Amino acid sequence: MKKHNEFLSNFLTLITIVGAMTSVAVLLIIIAFILFNGIPNITPELFELEYTSENCSVIPSIINTTEITLLALLISVPLGLLSAIFLVEYSYNTSVVVGVIRITAETLSGIPSIVYGLFGMLFFTIACSMGYSVLSGALTMSIMILPLIMRTSEEALKSVPLTYREASYGLGAGKLRTIMKVIVPSAMPGILSGVILATGRVVGETAALIYTAGTYTKIAGILDSGRTLAVHMYVLSSEGLHIDKAYATAVILLVVVFLVNQFSKHVTKVLNKQL
C-alpha cells in the first residue's frame, strides 16, 4: 500500500512537471515566432503620427487603445468594486438576490466576445445612435470586463481577515469607515490583479470592437470611429497586403501588454509595502 501511494505520488508529480514544462515551451515558441517574424519589420515609418497605406502606422491605434481601455476601466472598476463590497459586506450568502447576481456574473464571464460585440452594435451603436465610436466600444468593453472585476474584487475582499474588521469596530469605527479605510486598502493588491486581467482583455480584444468602435485608422475622439492595436493587427493580416506590418504590430502589442503587466506588478509591490 505504501509503495502504491509513493508510485502514485511520483506519477502525479511527473504529470505536473510535464504539464508545466509543456505550457512554458508553448509560450516560448509563440513569443519566439512573433519576435522572429516581427522585429525585422519594425521601421521608423511604423511610428508616424498619421496612418497611410504605405506606413501602416500604429500610433493612432495605440492612442485609440489607450482611450478605450481607460474609459472601460473608468466605468467598470467603480461598478465592479461597489458590487463586490455589497456582496461581501452588506448581503447574506443565503440571499436569493446574491445567488442571482453571482450566477449572472458567472454566465456573463462565459459569453463569447462576439456576442458582446453584436449587443453593443445593436444597443449602443444603433439604438443609442452613438454610431461606430470609441464611446460605444468602451461601453461594450466595460460590460464585458465587469464580471471579471466584480469576482476578483469579491475574492480579494473575502481574503481580508475578520480580525481586521473586529479591531476596527472595537476602536469605534463605523461599518462604512471600516470598509473604506481598512478592508478596501487591505484588499487592494487583489483588486488590482483583477484590473490587470481586465486591462489585458481590453487591449487584446478584436471581435467586440470591430462591431462597435469600427476600423477607421485616424486618432479618434470619444464619438469618432477608431481601431485599436489588436483590431489594427487583425485588419492588416486579413487583408493580406501587409503581413509584415501585421507581425510588427504583434510585437508592439506584445511589448505593450508586457509593460502594462510590469507597471501593475510594481504598483502591487508598492501597495504591499505600504500595508
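Report follows, based on the coordinates. Note that the structure is a prediction, hence the values are computed from the model and not measured. (Residues numbered from 1 in each chain as written. Predicted model: local features only at pLDDT ≥ 70, side-chain atom pairs only at ≥ 80, totals over all residues. Heavy atoms only, no water.)

Concerning the packing of aromatic side chains
Now for step 1: A full pass over the atoms with the stated rule returns four aromatic pairs.
Now for step 2: Between F119 and F123, the ring centres sit 5.6 Å apart and the planes meet at 5°, which makes this aromatic pair stacked. Of the two residues, F119 and F123 both sit in helix α4 (residues 113–127), four residues apart, roughly one turn of that helix.
Now for step 3: A residue is classified by how much of its surface remains accessible, and F123, at 39% relative accessible area, is partly exposed.
Now for step 4: Ring geometry for F119 versus F124: centroids 6.0 Å apart, planes at 85°, classification edge-to-face.
Now for step 5: Its relative accessible area of 8% is what places F124 among the buried residues. (Phe/Tyr/Trp six-rings, centres within 6.5 Å; stacked < 30°, edge-to-face > 60°. Helix = DSSP H or I, 4+ residues; strand = E, 2+ residues; numbered from the N terminus. Buried < 20%, exposed > 50% of the residue type's maximum accessible area, 1.4 Å probe, protein only.)

Description of the environment of L176
Now for step 1: By the element assignment, L176 lies in helix α7 (residues 175–204).
Now for step 2: Assessed through its relative accessible area of 57%, L176 is described here as exposed.
Now for step 3: Between the alpha carbons of L176 and E89 there is a distance of 9.6 Å; along the sequence they are 87 residues apart.

As for the environment of I222
Now for step 1: Note on placement: I222 falls in the loop between α8 (207–210) and α9 (229–239).
Now for step 2: I222 gets classed as partly exposed once you look at its relative accessible area, which sits at 43%.
Now for step 3: As for I222 and I15, which are separated by 207 residues in sequence, their C-alpha atoms are 50 Å apart.
Now for step 4: If we ignore the near neighbours within four places in the chain, the residues touching I222 are L71, S133, V134 and L135. (Contact = heavy atoms within 4.5 Å.)

Quick look at the nonpolar core
Within soluble globular proteins, side chains that are nonpolar tend to cluster in buried spots.
Now for step 1: One finds I68, L73, M141, I145 and L209 to be the most contacted residues of the largest nonpolar core, which totals 21 residues.
Now for step 2: Those elements that provide at least two residues to this core are α2 (59–90), α5 (134–158), α7, α8 and α9.
Now for step 3: At six residues, the largest contribution of residues to this core is made by α5.
Now for step 4: Setting aside residues no more than four positions away along its own chain, I68 makes contact with V134, G137, A138, M141, V202, L209, A213 and T228.
Now for step 5: L81, A156, L157 and I183 belong to the second largest nonpolar core, which has 11 residues in total. (Core = buried A, V, L, I, M, F, W, Y, C linked by side-chain atoms within 4.5 Å.)

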